[in-house]
Amino acid sequence: MIYKAISADGHVNEPPNLFEDRLPAKFKERGPRVIETPNTKGHAWVMEGQSRPSVLGFACMYFRSSKRGDRASLIDSFKNIKDRGVRFEDMFEGSWDPAARAKEITDDQIDAEVIFNGVGTVWNGIKLMKDKELSLACFQVYNDWMAEFQAYAPDRFICNATLPSTGLDDCLTEMTRCVDMGLRTVQLEAYPSGSFADPSDADDRFWAAAVELDMPVNVHTEFFFPAGDLGSKITAEGVPDTKLRAKALGIDLDAGKFPVILYKMICAGVFERFPTLKFIGTEVHLGWIPYYLEKFDESVLRNRHEWNLPMLPSEYFHRNVSVVYIVDEAGAADRYDIGVGNMMWGPDFPHSSSNWPVDYELGHEILERAGATPAEIDRIMWRNAADMYQLPYDENALVAATAGDENA
Amino acid sequence: MLDMTGYSLISADSHVIEPPDLFSARLPTKLRDRAPRLATASGTCRWSVGSESAPLPDSVVNGSGWRRPPHGPRSFEDVLPALYDPSQRLLAQDADGVAAEVLYPFPGLWDAIRATGDHELILGCVRAYNDWIAEFSAHSPHRLVGLGRIPMTGLDDARDELLRCVKDLGLRGIILDAWPGLGPAPGRGDDGFWEVVNETQVPVSIHYTLGGSSRSTPVAGIAPGLRPPMADAALPLVAAGIFDRFPNVRFVLAHGDAGWATHWLEFTDINYVRHRHLAQYQLQNADLLPSEYLRRHFWFTIHQDRSAVKNRHKLGRSHLLWSSHFPLDGADWPDDRRQAIRLTEELPAEERGGILGENVARLYRLPGFEDGFAGAAEEPMARLVYF
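All residue numbers refer to position in the chain's written sequence, counted from 1. The naming scheme follows written order: chains are lettered A onward, ligands numbered 1 onward. Local features in this predicted model are restricted to residues whose pLDDT is 70 or higher, and side-chain atom pairs enter the listing and the counts only when it is 80 or higher, whereas totals over whole chains, interfaces and linings include all residues.

(A) Geometry of the overall build of chain A. Strands here mean DSSP runs of E at least two residues long; helices mean DSSP runs of H or I at least four residues long; both are numbered from the N terminus. The number of helices and strands found in chain A is 17 helices and 11 strands. Taken over C-alpha atoms, the radius of gyration comes to 21 Å for chain A, in line with the 22 Å a tight globule of 408 residues would show. Along the first, second and third principal axes, the C-alpha atoms of chain A reach 60 × 55 × 45 Å. Buried residues in chain A amount to 52% of all 408 residues. By definition, residue pairs are in contact when their C-beta atoms, positioned from the backbone, come within 7 Å. Pairs at least 24 residues apart make up 72% of the contacts formed inside chain A by residues separated by at least 6 positions. Both definitions apply: the radius of gyration is a C-alpha atom measure, and the globule rule equals 2.2 Å times residues to the power 0.38. Whether a residue is buried, exposed or partly exposed follows from its count of other C-beta atoms within 10 Å of its own C-beta, namely 20 or more, 12 or fewer, or something in between, respectively; the C-beta atoms are built from the backbone.

(B) Spatial organisation of the overall build of chain B. Each helix and strand in chain B was counted, giving 14 helices and 12 strands. Expected size for 387 residues packed as a compact globule is a radius of gyration near 21 Å; at 20 Å, chain B falls within 12% of this value. Principal axes of the C-alpha set define a box for chain B whose edges measure 60 × 45 × 40 Å. Across the 387 residues that make up chain B, the buried fraction comes to 52%. In chain B, the proportion of contacts linking residues at least 24 apart, taken out of those at least 6 apart, comes to 71%.

(C) Structural view of the sheet that holds strand E11 (residues 343-345) of chain A. Residues and elements named next belong to chain A. Spatially, 8 strands are ordered E1-E5-E6-E7-E8-E9-E10-E11 in an open sheet, and the strand pairing comes out parallel. In the strand order of this sheet, the two ends are held by strand E1 (6-11) and E11, each with one partner. With strand direction ignored, the average angle separating the axes of adjacent strands in the sheet is 30°. Here the rule is simple: two strands pair whenever DSSP picks up at least two bridges between them. Bridge count between E1 and strand E5 (residues 112-116): 4 bridges; the pairing is parallel. Bridge pairing links Gly-10 to Ile-115 in E5. Of the strands in this sheet, strand E8 (217-220), strand E9 (279-282) and strand E10 (321-325) are in contact with helix H9 (residues 258-267), which crosses E9 at around 165°. Each axis is a line fitted through C-alpha atoms, taken for helices only over the stretch in contact, and angles between the N-to-C directions span 0 to 180 degrees.

(D) Representation of the nonpolar core. Put simply, a nonpolar core is buried Ala, Val, Leu, Ile, Met, Phe, Trp, Tyr and Cys residues tied into one set by C-beta atoms within 7 Å. Of all hydrophobic cores here, the largest spans 218 residues; its most connected members are B:Ile174, B:Leu253 and B:Phe300. Once residues lying within four places of it in the same chain are set aside, the contact partners of B:Ile174 are B:Leu147, B:Gly148, B:Ile150, B:Leu162, B:Cys165, B:Val202, B:Val204 and B:Ser205.

(E) Representation of the packing of helix H9 (residues 261-275) of chain B against helix H10 (residues 290-297) of chain B within the structure. Residue and element names in this part refer to chain B. Between H9 and H10, whose axes approach to 8 Å, the crossing angle comes to 145°. Between H9 and H10, the contacting residues are Leu-265, Thr-268, Asp-269 and Tyr-272 on the first element and Pro-290, Ser-291, Leu-294 and Arg-295 on the second. Amino acid classes used here: Ala, Val, Leu, Ile, Met, Phe, Trp, Tyr, Cys and Pro are nonpolar; Asp, Glu, Lys and Arg are charged; the rest, including Gly, are polar. Each residue belonging to the contact of H9 with H10 can be placed in one class, and the counts come to 4 nonpolar, 2 polar and 2 charged.

(F) Quick look at helix H12 (residues 313-320) of chain A. All names here are of chain A. Within the span of H12, buried status applies to Pro-313, Tyr-316, Phe-317 and Asn-320. What you see down the axis of H12 is that its buried residues fit within an arc of 100°, all on one side. Summarising the contacts, the buried residues of H12 are in contact with H9, helix H10 (270-273), E9, helix H11 (289-302) and E10. The arc in question is traced by the directions running from the helix axis to the C-beta atoms.

(G) A look at the interface of chain A and chain B. At the junction of the two partners, chain A supplies 32 residues and chain B supplies 36 residues. Among the elements of the structure, helix H2 (71-77), H9, H11 and helix H13 (329-333) of chain A are those that each provide at least two residues to the side of chain A that touches chain B. A total of 9 residues in the side of chain A that touches chain B trace back to one element, the largest contributor, which is H11(A). Per-class residue counts for the side of chain A that touches chain B are 16 nonpolar, 5 polar and 11 charged.

(H) Structural detail: the pairing of strand E3 (residues 42-46) of chain A. All names here are of chain A. Burial analysis of E3 places 4 of its 5 residues in the buried class, the great majority of the element. Here strand E2 (residues 33-37) pairs with E3 via 5 bridges, running antiparallel. Along E3, the bridge assignment pairs Glu-36 with His-43. Linkage of E2 to E3, two consecutive antiparallel strands, is achieved through a turn of 4 residues, within which Lys-41 is found at a positive phi near 55°.

(I) Spotlight on the environment of A:Ile338. All names here are of chain A. Among the secondary structure elements, Ile-338 is positioned in helix H14 (residues 335-338). Judged by the 24 C-beta atoms lying within 10 Å of it, Ile-338 is buried. Other than its neighbours up to four places away in sequence, Ile-338 contacts Leu-286, Ile-289, Pro-290, Gly-331 and Met-343.

(J) Molecular detail of the environment of A:Leu367. Residue and element names in this part refer to chain A. Its location among the elements puts Leu-367 in helix H15 (residues 359-369). Among the residues examined, Leu-367 registers 24 C-beta atoms within 10 Å and is labelled buried. C-alpha separation for the pair Leu-367 and Gly-331, spaced 36 residues apart in sequence, amounts to 9.5 Å. If we skip the residues at most four places from it in the chain, Leu-367 touches Ala-332, Ala-372, Glu-376, Ile-377 and Ile-380.

(K) Just unusual backbone geometry, in detail. Residues and elements named next belong to chain A. Residue Phe-349 is joined to Pro-350 through a cis peptide bond whose omega torsion reads 0°. When you line up the elements, Pro-350 lands in the loop between E11 and H15. In this model, Trp-356 is joined to Pro-357 through a cis peptide bond whose omega is 5°. The residue Pro-357 is located in the loop between E11 and H15 in this model. Even without glycine at this site, Asp-214 takes up a positive phi of about 55°. With respect to the helices and strands, Asp-214 occurs in the loop between helix H7 (204-213) and E8. On the basis of neighbour count, Asp-214 is assigned to the exposed category, with 11 C-beta atoms found within 10 Å.

(L) Molecular detail of helix H2 (residues 86-96) of chain B. Residues and elements named next belong to chain B. Among the residues of H2, Arg-89, Ala-92, Gln-93 and Asp-96 are the ones counted as buried. All buried residues of H2 project into a common sector of 100° when viewed along the axis, lining one side. Set apart from the buried face of H2 by more than 90 degrees, the exposed residues are Ser-87, Leu-91 and Asp-94. In this structure, the buried side of H2 is in contact with strand E5 (100-104), strand E6 (144-146) and helix H13 (336-343). Following H2 by one or two positions, Gly-97 has its phi on the positive side, about 65°.

(M) The arrangement of the sheet that holds E3(A) in detail. One open sheet holds the 3 strands; their spatial order is E2-E3-E4 (chain A), and the pairing between them is antiparallel. If you trace the sheet from one side to the other, it starts and ends with E2 and strand E4 (54-55) of chain A, each paired once.

(N) Summary view of the confidence of the model for chain B. All names here are of chain B. Residue-level pLDDT values for chain B average 93, and 95% of them are 70 or greater. Per-residue confidence from the predictor is reported as pLDDT, which spans 0 to 100. The low-confidence segment residues 1-6 (pLDDT under 50) makes 7 contacts with residues lying over four places distant or belonging to another chain. Overall, residues 215-221 carries pLDDT values under 50, and its contacts beyond four positions in sequence, including any with other chains, amount to 16 contacts. Under the prediction, the complex receives an ipTM of 0.96, its pTM being 0.96.

Take a look at the structure:
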């Protein structure tokens, strides 16, 4: 058996009653819950500690109008993208119902999917809760639910544990609990110690455990999405309001972006001490990587006396790091600089960046346009993900299929 | 074709170091007690102005960021004379196989001057520098291409100094540190400034950052190889309709390479195509994508940037300008030529000639290239986004 496509990036949207139904009695009133937004007639999450609602917008959109093979309808469907004013009943049911989800990904020719939390929905609020016990309970509720979701079709869903940012011990304990429940990868919302800014020596206990458990460690784009108290309308100038709000809360948003996290992880020697650690940047795209690695290496070579690690940054990247993209023409063209084995395709379904139900078509087409061989396309569209998440496939069938392509 | 005997290699981003008497000799008398001063304290040679200070970089001693000297200049006598003496500069260019250089000042000094917030002093210093760099360039106008600074003291000062730089001092380009009217974003209020830029067609440089300083953390964080902060100034210019109203306005994003820009351009287009109905910003020409505005009106200086060279067809072959960065950062005087050759060794001769000299000669209309890009073959823009 081989696959057609494995999405390395999909999302749930937490159902509205998830936390109220499952939190311990003492926390029920204080956890995340859903309200109506009066002006935009949409839904939003509110919770203790957040003064502004996290509105449903980019994090949960859909285009039902686009049809496979009909690109005009796809471009037309972009008009449906909303940054606010989205309601739960507008969403795909597969956002929370695994049976519906299995059908939805089948419609997009996807065999299996790595599934992450809803990012911009509840997670800023949960991480920033003052009451760490309440915060931890929310992470646990979510992970329990993900284990149930995955159990519906473990051959098709690879569900992420979202690890608590409440401290190193909590993070380690929760990782072990999630592995015992059968979850197959973990997502960091902060460095393992709980810091949103810097790795620390103490984190080594976590990296060691991840290696021991053979758990791939994901960072999904960045530690903070623009939502809740960190939200604002995006303009041509970017999101300056968001930065100012974050600064007032003592958060450096730039420090939580994947390229900066990767820089700090490499400089801290994490990959030198844990050479088999699997570290994944999901929805980080590709086109920036060749120049980033070129300059990172150059800065090390130019300041060699200040660099105490035996390998170059690009060498750690190529050995330890994988990156996931949605659509990326530049990255597909520069795949040899990034590493064909370091790239995984993941269309971000059902978020607004997804092109369902033509994600598979677009993904394939971009690689073909860049001149990728059938074997390279297999690697990027599913095989790297199958290897990463240990999904079974028949290597002999793969050779036969590729040979078939060449004879065609 | 490039005249290989005249301009085989031009650096689009090199630096001078301001001589110690520049301000004390040229500022109006009433400002002289506030003038920036160069002095050595605890073994370090540094500029001081008000409560601000800026140490000279170590590499001004030998012009190389790769073979850095054991310590920086202990006094101004340790600074390479080529950094402030025009006849010495020509010898340094000869030693490096460089035919001409576009000259920027020492950024740290100007961050310090700006940080004083003393508008009278800032304006005086800018005018003194512009007079000095004009004299420096006049020593050999086809090899020393000094750029004028625009003061950060308000629209009228900016416009007046722009006119003075171009019409009176004969400078071929200018450097912008803030929006001319000092607003947070480019708006219609600055049109009086862009009108003059449009009419004189003088390239406008942003050197690494606009509105920040070289001492502030880059917006993308501290990691190397990310988008330089000056890129954040580009899309607001497009969104403000500057290029629709003033089609001859051209920008140079200096000292920041271009390898990052392929991704930036692609994702700027993707975001626009998907989100334009959310009206984050609008384009007046509905037939163009934002990257097409950007690629038409922006040039990039590149140093050790193989990624940009490789993706030159996406960025625009005529929009990449090699630079040595002499004497800062990764400059490697007197071996910059070797690096330039290595960087471009796989290119066809014509494209190599463009990136190493002809593009910058056309942009600044250097002798022999007075017509600029008129008459040069215009290449079609590569498509960056497919849906």
